[in-house]
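Residue strings, one per chain:
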Amino acid sequence: MMAIAMSEATTTQRSRGMRDLVPDEMERVRQVESAFAAVCRAWGYREIRTPVIEPLHLFTTAGTLSPQALDRVYSFLDWDGWSGERVVLRPDSTIPTARLYGERLDGGRVAKLFYRQNVFRFAADESSREEWQCGVELIGQTGLAGDVELALMGLGTLRSLDLSDITLTLSHAGLIRVVLGAAELTPDEQSAAYDRLLDGDQTVIEEMETRLPLISGPLRLLLEVEGQGSGYLAEVRKALGGAIAALVPPLDDLGFVVQTLEACGVSPRVRAVLARSFEYYSGVVMRFDVGGRQVGGGGRYDELIGVVGGREAPASGFALYVEPLSELLPRRAEAPGARLLLAPSSGAPEDVAAVFDAASRLRALGVDVETVDADGGASRRLVCRAVAPRFELADGDTRRTFEDAAAVARALGQERP
């Protein structure tokens, strides 16, 4: 009865929207994080970490986050005597990275940064309220080649995890911003219309057609159709470039990135409405999907660092979402006979001590060993004693004795060279 009560308490006491990770799940999470970090380091990026708590004004300054996004932050008063400051649990990692760069890293050089950390966003339903991200930020004058580099890094991480059916989709924040501006929407109306488009509300397109009747047909090509690479962009340019001249620069930038990736053997999809955080994206944006499920995204935010108080600097970045990626990884079965359990030949203190002495020596030689068998799954056992023969290795039906740890490691084929 007590066990049942404890089980129910464990189920009900976890905060809504949060989740625990058991060891198997945690291993897959670490696999994602390790693969991401390896790719980042191979491309010359260095790791950072920003605080979990940031001032609220960092996310309200000049509209860095929309009112809809701000409705989802966890905010509270950081009390200090009779005064205090309104702070939030970090709802985004790019904005704190922009702050960090402006305060500590802006030396006029390119900064290549990555992080592995969580963000918190309130949800009214049962959706996750804590999300772990692997993110990368490229800050400085890198030009459109920087966007290409980031897209290739994201794809490289996904491929290193042996995932298949990977899709890269690109857009440019300027495309939809130009169209919404041509329809004479206010900035707040633009953000609301953009969010409605992302949520699949097709009535927005009808409203745009009413406001822009001369380009209603081509407008649907841009807002409804997802196309393949440079061929689709050529059609959009032909249909809309003459009608709205301001579309030409973002189409040129997007075309350069798409064509460069195609020359690298990557065939991206193109879509006009793609990324959230419409408020701070200023250029090429990207999205990564695996098997039709979104696992990452990001884009260029050239004005953000100046907005949060630093010196203006062009920048771009993306984040991969750890939870969906970890769920897509296959469960790895442990190789038969891989575990080695050390056990004393008796309960005498000297024989128990011999176990821990042998464990230390074997680990120093590169052999992973266990001294406590948690689940009874170890198929190989090394019996240790304080007197000769010091070790007896039981591997299936085979029994062998040894006098030193190095001989055991050699027999296992695991001794470091």
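This text follows the structure it describes.
The structure contained in this document is the topic of the report that follows. (Residues numbered from 1 in each chain as written. Predicted model: local features only at pLDDT ≥ 70, side-chain atom pairs only at ≥ 80, totals over all residues. Heavy atoms only, no water.)

## Observations concerning the pattern of salt bridges
In a structure, side chains of opposite charge can pair up when their charged atoms sit close to one another. Spelled out, the test is: For this document, the term salt bridge refers to a Lys or Arg side-chain nitrogen within 4 Å of an Asp or Glu carboxyl oxygen. Only protein chains enter the accessibility calculation, which uses a 1.4 Å probe; a residue whose area is less than 20% of its type maximum is buried, one above 50% is exposed, and one in between is partly exposed. Only DSSP runs of H or I with at least four residues qualify as helices, and only runs of E with at least two residues qualify as strands; both kinds are numbered from the N terminus onward.
As enumerated under the stated definition, the model contains 18 salt bridges in all. A salt bridge links E47 to R41; the shortest N-O distance between them is 3.4 Å. For R41, a relative accessible area of 48% puts it in the partly exposed group. The partner of E103 in a salt bridge is R99, with the nearest N and O atoms 2.9 Å apart. Of the two residues, E103 and R99 are both situated in helix α5 (residues 94-105); the distance of four residues between them amounts to about one turn of the helix. Residues participating in the shared-partner salt-bridge network are R19, E25, R293, E323 and E327.

## Quick notes on the environment of E184
Rules: Residue contacts follow a heavy-atom distance rule, with two residues in contact if any of their heavy atoms lie within 4.5 Å.
Its place among the elements puts E184 in the loop between α7 (173-182) and α8 (187-198). Here the alpha-carbon distance between E184 and L212, two residues 28 residues apart in the chain, equals 9.7 Å. Ignoring any residue separated from it by four or fewer positions in sequence, one finds E184 in contact with E189 and R211.

## Topic: the sheet that holds strand β1 (residues 46-47)
Going by this rule: Pairs of strands are assigned from DSSP output, requiring at least two bridges between the strands. Axes here mean lines fitted to C-alpha atoms, for a helix over just the part in contact, with angles spanning 0 to 180 degrees between N-to-C directions.
A sheet is described by the order of its strands in space; here nine strands give the open sequence β1-β5-β6-β12-β11-β10-β7-β9-β8, paired in mixed fashion. In this open sheet, the two edge strands, each paired with only one partner strand, are β1 and β8 (227-228). Pairing analysis gives two bridges linking β8 to strand β9 (residues 269-270), with the strands arranged antiparallel. Bridge assignment links Q228 to a residue of β9, and that residue is R269. On the sheet, helix α2 (residues 23-42) packs against β1, β5 (111-120), β6 (130-139) and β12 (315-321) and is oriented at approximately 160 degrees with respect to β5. Along the sheet, helix α6 (residues 144-160) contacts β5, β6, β7 (166-172), β10 (284-290), β11 (293-300) and β12; its crossing angle with β10, the most-contacted strand, is approximately 10 degrees.

## A closer look at the side chain of E54
Just so we agree on the cut-off: The term polar contact refers here to a pair of N or O atoms within 3.5 Å; inside protein, the definition further demands a hydrogen-donor-capable atom paired with an acceptor-capable atom, and it admits residues adjacent in sequence only when both atoms are side-chain atoms.
Along the chain, E54 turns up in strand β2 (residues 53-55). A polar contact of 2.9 Å, which involves the side chain of E54, links it to the side chain of R99. For E54, the contacting residues outside a window of four places in its chain are F59, V87, V88, P96 and R99.

## As for a nonpolar patch on the surface
So the rule is basically this: Residues with no salt bridge and a relative accessible area higher than 30% make up the patches, which join like charges within 9 Å and nonpolar side chains (Val, Leu, Ile, Met, Phe, Trp, Tyr) within 5 Å. Using a 1.4 Å probe, the Shrake-Rupley method yields the accessible areas, and only the shown protein chains count as cover for residues.
Judged by side-chain polarity, V52, I53 and F76 come together as a nonpolar surface patch covering roughly 220 Å² of accessible area. One can find F76 in strand β3 (residues 75-80).

Distances and angles like these do not, on their own, reveal function.
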